[in-house]
Amino acid sequence: MLMPFFQGFGVGGGLIVAIGAQNAFVLTQSVRRNHAWAVALLCSLCDALLIGAGVAGMGAAVAASPLLGRVAAWAGAAFLFWYGLGALRSALRGGRLDVGAQGPAGLGATLAATLAVTLLNPHVYLDTVVMLGSLSGQFPGPGRYVFGAGAACASLSWFLGLGLGGRLLAPVFTRPAAWRALDALVCATMWGIGAGLLRGALG
């Protein structure tokens, strides 16, 4: 049962840690000590709910059909290779964290902004409900729920790390080299798991 958990943690982590508006938002709120705990926990809760919906829906459908399972494996591998290529391009291009912009200071406004940054991004549904849900169907029985738990734990670990360690991490991520290293790690993770899916589909 550990293998589905670690695969879920790896795929979920790779999808979550890529540079984007949500990660930049969480980091900047942490740097400003603006409700960092609440922001990190809300992001993690949203991810966990979406992952759970994907595992229960898409994952159940894939698990019930061998044909869907093979299609999901090939489609998942293609997506992971494409995602890894995007991370590689981002690593070559470089990026940095901008902490200069001001954000909302009140708890209500901050949580509303967190929900907007999280739920108004269409990619969050592709990554959690569709992609992670489909990939979870590769595991029989309760294995898909273990996979989903691993992905949710990756989200919780990452956002808590950003929220609680933002003051330490912010100076690092203002350097383009740090984002490049992170994107390179995401690329390697996505390609490695994609190759594993292809081996399973061909085996």
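The structure displayed is predicted, hence computed values, not measured ones. (Residues numbered from 1 in each chain as written. Predicted model: local features only at pLDDT ≥ 70, side-chain atom pairs only at ≥ 80, totals over all residues. Heavy atoms only, no water.)

Right, let's get into the side chain of Ser 136. Structurally, Ser 136 can be placed in helix H6 (residues 122–136). For Ser 136, a relative accessible area of 0% translates into the label buried. Within the structure, Ser 136 has its side chain in polar contact with the backbone oxygen of Gly 133 (distance 2.6 Å). With sequence-adjacent residues up to four places away left out, Ser 136 is seen in contact with Val 55, Gly 59, Arg 144 and Phe 147. (Helix = DSSP H or I, 4+ residues; strand = E, 2+ residues; numbered from the N terminus. Buried < 20%, exposed > 50% of the residue type's maximum accessible area, 1.4 Å probe, protein only. Polar contact = N/O pair within 3.5 Å; in protein donor to acceptor, adjacent residues only side chain to side chain. Contact = heavy atoms within 4.5 Å.)

A word on the nonpolar core. Val 11, Leu 15, Leu 80, Leu 132, Leu 135, Trp 158 and Phe 159 are the most contacted members of the largest nonpolar core, which totals 37 residues. Breaking this core down by element, the ones donating at least two residues are helix H1 (2–17), helix H2 (21–31), helix H3 (36–64), helix H4 (66–93), H6, helix H7 (143–173) and helix H8 (176–202). Those residues within four positions of Trp 158 in sequence are excluded, and the remaining contacts are Ile 16, Val 17, Asn 23 and Leu 182. (Core = buried A, V, L, I, M, F, W, Y, C linked by side-chain atoms within 4.5 Å.)

Our next topic: the confidence of the model for the chain. Per-residue pLDDT for the chain averages 82, and the proportion of residues at 70 or more is 91%. Confidence, expressed as mean pLDDT per element, reaches its minimum in the chain at H2 with 76 and its maximum at H3 with 89. (pLDDT = per-residue confidence, 0-100.)

Looking now at the packing of H3 against H4. Where H3 contacts H4, the axes come no closer than 5 Å and their chain directions differ by 120°. Classed by the angle they form, the pair H3 and H4 counts as oblique. Taking contact as the criterion, the partners of Ala 61, Val 62 and Ala 64 in H3 are, on H4, Pro 66, Leu 68, Gly 69 and Ala 72. The residue inventory of the contact of H3 with H4, partitioned by class, reads 6 nonpolar, 1 polar and no charged. (Axes fitted to C-alpha atoms, helices over the stretch in contact; angles between N-to-C directions. Parallel < 35°, antiparallel > 145°, perpendicular 65-115°, else oblique. Nonpolar A, V, L, I, M, F, W, Y, C, P; charged D, E, K, R; others polar.)

Relative to the helices and strands, Ser 157 is located in helix H7. Distance from Ser 157 to Arg 199, taken between C-alpha atoms, is 29 Å for residues 42 residues apart in sequence.

A full pass over the atoms with the stated rule returns 3 aromatic pairs. With a centroid separation of 5.8 Å and 80° between ring planes, the pair formed by Phe 5 and Phe 6 is classed as edge-to-face. On the basis of relative accessibility, which here comes to 24%, the residue Phe 5 falls in the partly exposed class. Assessed through its relative accessible area of 51%, Phe 6 is described here as exposed. Site record: aromatic cluster; members linked through ring pairs are Phe 5, Phe 6 and Phe 9. (Phe/Tyr/Trp six-rings, centres within 6.5 Å; stacked < 30°, edge-to-face > 60°.)

With that settled, the discussion passes to the packing of H4 against H8. In the contact formed by H4 and H8, the axes pass within 8 Å of each other and the chain directions differ by 160°. Comparing the axis directions of H4 and H8 gives the class roughly antiparallel. Note that H4 runs across H8; the crossing there is left-handed. Among the residues forming the contact of H4 with H8, the class breakdown is 22 nonpolar, 4 polar and 3 charged. (Left-handed = near helix turned anticlockwise from the far one by under 90°.)

Attention shifts here to a nonpolar patch on the surface. The grouping of Phe 81, Leu 85, Leu 88, Leu 92 and Trp 191 at the surface amounts to a nonpolar patch, some 420 Å² of accessible area in total. For the nonpolar patch, the leading source of residues is H4, giving 4 residues. By secondary structure assignment, the location of Leu 85 is in helix H4. (Patch = residues over 30% accessible without salt bridge, like charges linked within 9 Å, V, L, I, M, F, W, Y side chains within 5 Å. Areas by Shrake-Rupley, 256 points an atom, 1.4 Å probe, with all protein chains shown as cover. Salt bridge = Lys/Arg side-chain N within 4 Å of Asp/Glu carboxyl O.)

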